[in-house]
Amino acid sequence: MTDTTTHARPTTHEQSGAAVTGERADLLAMLDKHRHFLRFTTRDLTDEQAGRRSTVSELCLGGLIKHVAAVERGWVDFILEGPSALGDFSAMTEADFARRADEFKLLPGETLAGVLADYADATRRTDELVAVLPDLDASHPLPKAPWFESGTHWSARRVLLHVIAETAQHAGHADIIREALDGAKSMG
């Protein structure tokens, strides 16, 4: 597939009536693209289908939407508050891990419409922050976690790149889950 976007024209992104330009617009445009593909995988599904596992994985579409919303919300909190917003992952208990595992499931009483609305709230908050954040270079040390190198700091920019990568990765997972559910594809 050929990319037909014009690279000479600056990218703009509308946020709260004001145009966001340059690097911030590029970050938001890329994030929006992957958010769209993730949400698109849930089109025309019932709550039962959104909660169904269609592969050997524990993942379901409703759970992926919940997880990505929680991830985006958590990382925005990290940008604003620092590592305490995410907690000390190295001190998590079995109960903490069980709650985290529920993040990947559409639980009884939850609906696809509800998790999509929650995701929309999380994305709106991220977009608003990107538009007004004074400095994308502002950084915080990462929280304690077995998967983070001790003493590492991430800038707001690096966090946003991570959220883009996480969203894109899970959009790919969602595409496979959807195709296994009923043959529908996001592309192709």
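Residues numbered from 1 in each chain as written. Predicted model: local features only at pLDDT ≥ 70, side-chain atom pairs only at ≥ 80, totals over all residues. Heavy atoms only, no water.

## As for the confidence of the model for the protein
If pLDDT is low for a region, its predicted coordinates should not be looked at in detail.
Okay, so step 1: For the protein, mean pLDDT is 89; residues scoring 70 or higher make up 90% of the total.
Okay, so step 2: Scored below 50 in pLDDT, residues 1-10 shows one contact in the model against residues more than four places distant or in partner chains. (pLDDT = per-residue confidence, 0-100. Contact = heavy atoms within 4.5 Å.)

## Observations concerning unusual backbone geometry
Working note: non-glycine residues mostly have negative phi, and peptide bonds are mostly trans.
Okay, so step 1: Positive phi values are uncommon outside glycine, yet aspartate 44 reaches one of about 60 degrees.
Okay, so step 2: Summarising the element assignment, aspartate 44 is placed in the loop between helix H1 (22-40) and helix H2 (47-50).
Okay, so step 3: The class for aspartate 44 is exposed, based on a relative accessible area of 74%. (Helix = DSSP H or I, 4+ residues; strand = E, 2+ residues; numbered from the N terminus. Buried < 20%, exposed > 50% of the residue type's maximum accessible area, 1.4 Å probe, protein only.)

## Focus on the side chain of threonine 123
Okay, so step 1: For threonine 123, the position within the fold is in helix H5 (residues 112-132).
Okay, so step 2: According to the relative accessible area criterion, threonine 123 is buried, its value standing at 9%.
Okay, so step 3: Ignoring sequence-local partners within four residues, the contact set of threonine 123 consists of Arg35 and Glu72.

## Some remarks on the packing of aromatic side chains
Okay, so step 1: Per the stated rule, a full pass over the model turns up six aromatic pairs.
Okay, so step 2: Geometrically, the ring pair formed by tryptophan 75 and phenylalanine 148 is edge-to-face, given 6.2 Å between the ring centres and 75 degrees between the ring planes. In this pair, tryptophan 75 sits in helix H3 (residues 61-81) while phenylalanine 148 sits in the loop between strand E3 (139-141) and strand E4 (153-155), placing the two residues 73 residues apart along the sequence. Summarising the burial analysis for this pair, tryptophan 75 and phenylalanine 148 share the class buried.
Okay, so step 3: Look at phenylalanine 89 and tryptophan 147: their rings are 5.2 Å apart centre to centre, the planes differ by 55 degrees, and that puts the pair in the tilted class. A residue pair is termed long-range when its members are at least 10 positions apart, and phenylalanine 89 in the loop between H3 and helix H4 (94-102) and tryptophan 147 in the loop between E3 and E4 qualify at 58 residues.
Okay, so step 4: Given the relative accessible area of 13%, phenylalanine 89 is considered buried.
Okay, so step 5: Site record: aromatic cluster; members linked through ring pairs are Trp75, Phe78, Phe89, Trp147, Phe148 and Trp154.
Okay, so step 6: The ring of phenylalanine 40 carries arginine 43 above its face, with NZ or CZ at 3.9 Å from the centroid. (Phe/Tyr/Trp six-rings, centres within 6.5 Å; stacked < 30°, edge-to-face > 60°. Lys NZ or Arg CZ within 6 Å of the ring centre and 35° of its normal.)

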